[in-house]
Amino acid sequence: MSDIAVVWFKRDLRCADHAPLAAAVRCRAALGLYVLEDEWLEAPEWDPQHWEFIRQSLLELRRALAARGMPLLLRRGAMPAVLAQLRRDYPFTELFSHQETGAAWSYARDRRVAAWCREQGVRWREWPQFGVFRPLARRDGWAAAWEQFMAKPLLAAVDRLPGTTAQLDQGEIPTLRALDRPGARPIPPAGEMAAQQTLESFLSERGSRYLHTLSSPLLAEQGCSRLSAHLAYGTVSMHQVVHRARQRLRELREQGGVEAVERARHLRGFLSRLHWHCHFIQKLEDEPDIEFHNFSRIYDGLREDDWNEERFSAWAEGRTGFPFVDACMRCLRATGWINFRMRAMLVSFASYHLWLHWRGTGLFLARQFLDFEPGIHWSQMQMQSGTTGINTLRIYSPSKQWADQDPRGEFVRRWLPEWGSADYPPPIVPEQQVARAAREKIWARRRLPEARAQAAQVLRRHGAGADRKRAAKPKSQQKPPPATEQLDLFS
Ligand SMILES: Cc1cc2nc3c(=O)[nH]c(=O)nc-3n(C[C@H](O)[C@H](O)[C@H](O)COP(=O)(O)OP(=O)(O)OC[C@H]3O[C@@H](n4cnc5c(N)ncnc54)[C@H](O)[C@@H]3O)c2cc1C
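K.L.:
Run through the overall build of the chain, naming residues and quoting values.
P.N.:
Along the backbone of the chain there are 23 helices and five strands. Taking 491 residues into account, the globule formula puts the C-alpha radius of gyration at 23 Å, and the chain, at 23 Å, falls close to it. Oriented by its inertia axes, the alpha-carbon framework of the chain measures out at about 70 × 55 × 50 Å. Within the span of the chain, comprising 491 residues, buried residues form 57% of the whole. Accessible surface for the chain amounts to roughly 21700 Å². Of this, 53% is attributable to carbon and sulfur atoms. Separation between the mean location of the 70 positive side-chain charges and that of the 57 negative ones in the chain comes to 5 Å.

K.L.:
Mind laying out the packing of aromatic side chains, listing which residues take part and the relevant values?
P.N.:
What the rule picks out here adds up to 20 aromatic pairs. Relative to Trp51, the ring of Trp40 has its centre 6.4 Å away and its plane inclined at 65°; by these criteria the two rings are edge-to-face. One end of the pair, Trp40, is in helix 2 (residues 38-41); the other, Trp51, is in helix 3 (residues 48-67), with 11 residues separating them in the sequence. The same class applies to Trp40 and to Trp51, which are both buried. Note that Arg343 overlies the ring of Phe369, its terminal NZ or CZ placed 4.0 Å from the centroid.

K.L.:
Mind laying out the pairing of strand 5 (residues 123-127), listing which residues take part and the relevant values?
P.N.:
The two faces of a sheet get side chains in turn, since along a regular strand they alternate between them. As paired elements, strand 4 (residues 94-98) and strand 5 share five bridges and run parallel to each other. Each residue of the ladder has a partner; that of Glu94, found in strand 5, is Arg123. Handedness of the β-α-β unit built from strand 4, helix 5 (residues 104-120) and strand 5 comes out right-handed.

K.L.:
Describe the site of the ligand, listing the residues and the values that go with them.
P.N.:
Around the ligand, a shell composed of 29 residues is seen, among which Tyr210, Ser225, Arg226, Asp371 and Glu373 lie nearest. Trp337 is positioned with one of its side-chain polar atoms (N or O) 3.0 Å from an oxygen atom of the ligand. For the ligand, a nitrogen atom lies 2.9 Å from a polar atom in the backbone of Asp371. Compared with its free state, where it exposes 830 Å², the ligand has 98% of that area covered by protein. At the level of secondary structure, the elements contributing two or more residues to the shell around the ligand comprise helix 10 (228-233), helix 12 (258-286), helix 15 (340-353) and helix 17 (374-383). When residues of the shell around the ligand are assigned to their parent elements, the largest contribution, six residues, is made by helix 12. Its residues assigned to classes, the shell around the ligand shows 19 nonpolar, five polar and five charged. Each of domain 2 (192-286) and domain 3 (290-488) gives at least three residues to the shell around the ligand.

K.L.:
So what about the packing of helix 14 (residues 323-335) against helix 16 (residues 358-368)? Which residues, and what values?
P.N.:
Here helix 14 crosses helix 16 at 50°, and the two axes come no closer than 8 Å. Judged by the inter-axis angle, helix 14 sits oblique to helix 16. Of the residues in helix 16, those touching helix 14 at Met329, Leu332 and Arg333 are Phe364, Leu365 and Gln368. Counted by class, the contact of helix 14 with helix 16 contains four nonpolar, one polar and one charged residues.

K.L.:
Before we move on, can you summarise the pattern of salt bridges with the specific residues and values?
P.N.:
In the structure shown here, the tally under the stated rule is 30 salt bridges. The salt bridge partner of Glu287 is Arg461, with a shortest N-O separation of 3.6 Å. Of this pair, Glu287 sits in the loop between helix 12 and helix 13 (309-317) while Arg461 is found in helix 21 (residues 449-462), placing the two residues 174 residues apart along the sequence. Given the relative accessible area of 43%, Arg461 is considered partly exposed. Here Glu418 makes a salt bridge to Arg330, at a shortest N to O gap of 2.7 Å. Here Glu418, found in the loop between helix 19 (410-415) and helix 20 (431-446), pairs with Arg330, found in helix 14; they are 88 residues apart in sequence, far enough to count as distant.

K.L.:
A description of the sheet that holds strand 4 should follow, citing residues and the corresponding values.
P.N.:
Pairing is parallel across the open sheet formed by five strands, whose spatial order is 3-2-1-4-5. Across the chains shown, the open sheet's two edge strands, defined by having one partner strand only, are strand 3 (72-77) and strand 5. The sheet shows a mean angle of 25° between the axes of neighbouring strands, direction not considered. Packing of helix 3 onto the sheet brings it into contact with strand 1 (4-9), strand 2 (29-37) and strand 3, and relative to strand 3 it is tilted by some 145°. Against the sheet, helix 5 engages strand 1, strand 2, strand 4 and strand 5, with an angle of about 140° to strand 5.

K.L.:
A description of the nonpolar core should follow, citing residues and the corresponding values.
P.N.:
Nonpolar side chains in soluble globular proteins tend to end up buried together. The biggest cluster of nonpolar side chains holds 42 residues, and the ones touching the most others in it are Phe9, Tyr34, Trp51, Leu58 and Leu65. Elements that contribute at least two residues to this core include exactly strand 1, helix 1 (19-24), strand 2, helix 2, helix 3, strand 3 and helix 10. Of the residues forming this core, the biggest block, seven residues, is contributed by helix 3. Aside from chain neighbours lying at most four places away, what touches Leu65 is Phe9, Cys15, Leu21, Met70, Leu72 and Leu161. In this structure, Trp315, Met345, Phe369 and Met381 belong to the second largest nonpolar core, which totals 38 residues.

K.L.:
I'd like to hear about empty space enclosed by the protein, residue by residue, with values.
P.N.:
A full pass over the atoms with the stated rule returns five cavities of 30 Å³ or more. For the lining of the largest cavity, the secondary-structure elements that each account for two or more residues are strand 1, strand 2, helix 3, helix 5, helix 10 and helix 12. Each pocket or cavity is described by its volume, and for the second largest cavity that value is around 100 Å³. Looking at the second largest cavity, the residues that line it are Phe53, Pro188, Arg226, Leu227, Ser228, Ala229, His230, Thr335, Gly336, Trp337, Leu370 and Asp371. The dominant element in the lining of the second largest cavity, judged by the number of residues it contributes, is helix 10, at three residues. Classifying every residue of the lining of the second largest cavity by side-chain character gives six nonpolar, four polar and two charged. Residues lining the lining of the second largest cavity come from more than one domain, with at least three contributed by each of domain 2 (192-286) and domain 3 (290-488).

K.L.:
Any chance you could break down the packing of helix 6 (residues 142-151) against helix 12 for me, citing the residues and the numbers?
P.N.:
Orientation of helix 6 relative to helix 12, taken along the N-to-C sense of each, is 120°, at an axis distance of 11 Å. As judged from the angle between their axes, helix 6 and helix 12 are oblique. Considering the relative orientation of helix 6 and helix 12, their crossing is right-handed. Counting all contacts with helix 6, which are made through Trp142, Ala143, Trp146 and Met150, the residues of helix 12 involved are Leu274, His275, Cys278, His279 and Gln282. For the contact of helix 6 with helix 12, the per-class residue count stands at six nonpolar, three polar and no charged.

Conventions and cut-offs
- Residues numbered from 1 in each chain as written.
- Predicted model: local features only at pLDDT ≥ 70, side-chain atom pairs only at ≥ 80, totals over all residues.
- Heavy atoms only, no water.
- Helix = DSSP H or I, 4+ residues; strand = E, 2+ residues; numbered from the N terminus.
- Rg over C-alpha atoms; globule rule 2.2 N^0.38 Å.
- Buried < 20%, exposed > 50% of the residue type's maximum accessible area, 1.4 Å probe, protein only.
- Areas by Shrake-Rupley, 256 points an atom, 1.4 Å probe, with all protein chains shown as cover.
- Lys, Arg positive; Asp, Glu negative; His and termini not counted.
- Charge placed at Lys NZ, Arg CZ, Asp CG, Glu CD.
- Phe/Tyr/Trp six-rings, centres within 6.5 Å; stacked < 30°, edge-to-face > 60°.
- Lys NZ or Arg CZ within 6 Å of the ring centre and 35° of its normal.
- Pairing = 2+ DSSP bridges.
- Right-handed = clockwise from strand over helix to strand, strands pointing away.
- Near = heavy atom within 4 Å.
- Polar contact = N/O pair within 3.5 Å; in protein donor to acceptor, adjacent residues only side chain to side chain.
- Nonpolar A, V, L, I, M, F, W, Y, C, P; charged D, E, K, R; others polar.
- Domains from an automatic or database assignment.
- Axes fitted to C-alpha atoms, helices over the stretch in contact; angles between N-to-C directions.
- Parallel < 35°, antiparallel > 145°, perpendicular 65-115°, else oblique.
- Contact = heavy atoms within 4.5 Å.
- Salt bridge = Lys/Arg side-chain N within 4 Å of Asp/Glu carboxyl O.
- Core = buried A, V, L, I, M, F, W, Y, C linked by side-chain atoms within 4.5 Å.
- 1 Å grid on protein atoms, 1.4 Å probe; cavity = no way out; pocket = protein on both sides within 12 Å on 5 of 7 lines; lining within 4 Å.
- Points joined across faces, edges and corners; volume = space filled by probe spheres on them.
- Left-handed = near helix turned anticlockwise from the far one by under 90°.

What follows is the structure in structure tokens.
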């Protein structure tokens, strides 16, 4: 019991199932620290809604930690300067945190923090936050490792934490106004309690038809879990969600009957997406460059010089003249969330029909998504833009999606009141023609002799087990890749 610790909260704003907090219990003194980093505030993916969600979560966390005897300090500045400053008044010897798989700036910051800790003789211990492994030598066995990680028991709740006798200013948790930043769009309830309520309402009621509601922007709002922001800021752990969902699955099995069997099927669909969450983040962990560069370098130069600001603005402002695309964008901009299929369609439209590079549109979308999670985001941006080299080329037709997902035009009328009036613009591009041209341009690269070798390399590094096994077979024995979106996402 000789250690003096700092628990550095990053994207893990909770008390329950929190390994760094559990480790702090054994220390002589400990305090919590959240650093509002200037680099993050200046990052191109930053949006006021992100801070508002964190701010509200921190207010709750500060109360919850105080009730257990631990202060939570808020500091603004750069890392590791904040740590150096803190150490003058509070001579800590241990720094505890979760691992973070973030944007390039956070990776560089972690390296600086590691160097500072080494110089100062501070021991920095990090625990995995998700089923994402560091370093991962080989992708083989990843699914088994994920399973092992998730099967571990949840950490016991901590009722009493060590505090400190040092006289330290806790620091205000600033509002956006205090930061001199614009206000945020309305956000859903943040914090650990809201995360639990969201999870429970999904498992007990809202998720009973999950797979049938997923693709419709009208139904998904209620029928999907809506846990993504909570997972992104760690107000609930992935571990907790997997455990609770599996417990629910057991209850349904015990219950038996047609209704329970059907509910269990939907719940299994949900569980498979939790797997994807980590599978995608692992890609960024293994290759941080995918935030900036194509997975398959054969696509370099394909769109880089074709950025068209006018097309981008029309897309970003929801005035492309394609009603369903525009309604989805308006909904996203107003609420900070839209379902998976509509995200994919928005990106497909930008990347193929408007031929815009995924990096520019991806930064814009990162600001719109409350749940921005770099590993999922950049992998998905590239998948929906045809630059991974290993995924089926899927160019969503906005008119087909509209007919399938909003046949009565209800969603479009809700989000695009000017639709059908003289104020609404004509289509910005001829749909069929530009889609055909985009397909040809991508295939011209895919047919190059080196494309196959590059795809094999991407698959080896990032593919899920099933895809790698399929690719390893001689071509004559290869079954075609699964046509469904669900399985396709595994690659
Ligand atoms: C271009 C694009 C960008 C995306 N960017 C993000 C992002 O920044 N952050 C983010 O959390 N999700 C992102 N997604 C994935 C997905 O759209 C969201 O996770 C989902 O819509 C969130 O709503 P939910 O929590 O109700 O999901 P649910 O359908 O209830 O799924 C439960 C959880 O599983 C995970 N999940 C679901 N679908 C996927 C998927 N396709 N890939 C990986 N994980 C998944 C999420 O953590 C989600 O919270 C993106 C998808 C696309 C096409």
